[in-house]
Amino acid sequence: MIVWGAAGLAAAARAPGALTFARLVPRDPSVLIGTVVEALKAYPFAALDLFLYPFPGNHANDVYHAVIALLTVLGAIVWLRGMWSRFSIIFAAAYVGMLLVLPFQDRRYLLPIAPLALYAAAVGIATAIAAT
C-alpha cells in the first residue's frame, strides 16, 4: 500500500494532470454524502450485470440474480475471512471507495473488480455444495 501511494504521489509530482479525477471529488460533505448515496443505489444493480443474463425470461433471470448474489456474499465472507492483507483485497477496497466518491456512476467501472466478484461467487457455490 505504501509503494502504491508513493507511486501515485510520484506520478502527481511528475505530471500535473495525474490527479485529474481528484478535482471531481466533492469537498462539501452534503454533496459527498449525496454522491455516495447515488453510487450505493446504482452499483448493486450494476454488479448483477457481471453475472450476465443466462435465461430468456426476466423472472428466471431475477431468481438467478437473487441466488447468485446470496452465493457471492457467502463466498466473499468465506474467502475474505483471512485475506484482509492481500493486495487484491486492498485494491478492491480502494477501488470501490473511489467509485463511491466520484460523482459519476456507470456499470463499466465495475469491470476491474469483476474477477474478484466471480471468484467470490465460485467460492459461495462450492461452499453451498460442500454444506449439502
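Our subject is the structure that appears above.
Values in this document were obtained by computation on a predicted structure and should not be read as measured data.

1. Things to note about the overall build of the protein
The helix and strand inventory of the protein stands at 5 helices and 0 strands. If you list the helices and strands of the protein from N to C, you get α-α-α-α-α. Against the globule reference of 14 Å for 132 residues, the protein gives a C-alpha radius of gyration of 18 Å, more extended than a compact globule. Projected onto the principal axes, the alpha-carbon positions of the protein cover approximately 55 × 30 × 25 Å. For the protein, the proportion of its 132 residues judged to be buried stands at 23%.

2. As for the nonpolar core
The biggest cluster of nonpolar side chains holds 14 residues, and the ones touching the most others in it are Tyr-43, Leu-50, Phe-51, Leu-99, Leu-110 and Ile-113. For this core, the secondary-structure elements that each account for two or more residues are α2 (29–48), α4 (87–101) and α5 (114–131). In contact with Leu-110, other than residues within four places in its own chain, are Tyr-43, Ala-46, Ala-47, Leu-50 and Leu-99. Counting 5 residues, the second-largest nonpolar core is a separate cluster that includes Trp-79, Leu-80, Met-83 and Val-123.

3. As for the environment of Leu-116
Summarising the element assignment, Leu-116 is placed in helix α5. Here the alpha-carbon distance between Leu-116 and Ala-76, two residues 40 residues apart in the chain, equals 8.9 Å. Contact partners of Leu-116, with chain neighbours within four places excluded, come to Trp-79, Ser-88 and Ala-92.

4. A look at the pattern of salt bridges
In the structure shown here, the tally under the stated rule is 3 salt bridges. Across the salt bridge formed by Asp-106 and Arg-108, the nearest N and O atoms sit 3.7 Å from each other. Overall, Asp-106 belongs to the partly exposed group, its relative accessible area being 32%. The exposed category is assigned to Arg-108, whose relative accessible area is 51%.

5. Quick look at the packing of helix α3 (residues 58–80) against α5
Contact geometry for α3 and α5: axes closest at 6 Å, N-to-C directions at 90°. As judged from the angle between their axes, α3 and α5 are roughly perpendicular. Listed contacts from α5 to Ile-68, Leu-71, Thr-72, Leu-74, Gly-75, Ala-76, Val-78 and Trp-79 of α3 are Leu-116, Ala-117, Tyr-119, Ala-120, Ala-121, Val-123, Gly-124, Ile-125, Thr-127 and Ala-128. Class assignment for the residues of the contact of α3 with α5 results in 14 nonpolar, 4 polar and no charged.

6. Considerations on the environment of Ala-92
Tracing the sequence through the fold places Ala-92 in helix α4. Along the chain, Ala-92 and Ala-39 lie 53 residues apart, while their C-alpha atoms are 16 Å from each other. Dropping the residues within four chain positions of it, Ala-92 is found in contact with Ile-113 and Leu-116.

Conventions adopted
Residues numbered from 1 in each chain as written. Predicted model: local features only at pLDDT ≥ 70, side-chain atom pairs only at ≥ 80, totals over all residues. Heavy atoms only, no water. Helix = DSSP H or I, 4+ residues; strand = E, 2+ residues; numbered from the N terminus. Rg over C-alpha atoms; globule rule 2.2 N^0.38 Å. Buried < 20%, exposed > 50% of the residue type's maximum accessible area, 1.4 Å probe, protein only. Core = buried A, V, L, I, M, F, W, Y, C linked by side-chain atoms within 4.5 Å. Contact = heavy atoms within 4.5 Å. Salt bridge = Lys/Arg side-chain N within 4 Å of Asp/Glu carboxyl O. Axes fitted to C-alpha atoms, helices over the stretch in contact; angles between N-to-C directions. Parallel < 35°, antiparallel > 145°, perpendicular 65-115°, else oblique. Nonpolar A, V, L, I, M, F, W, Y, C, P; charged D, E, K, R; others polar.

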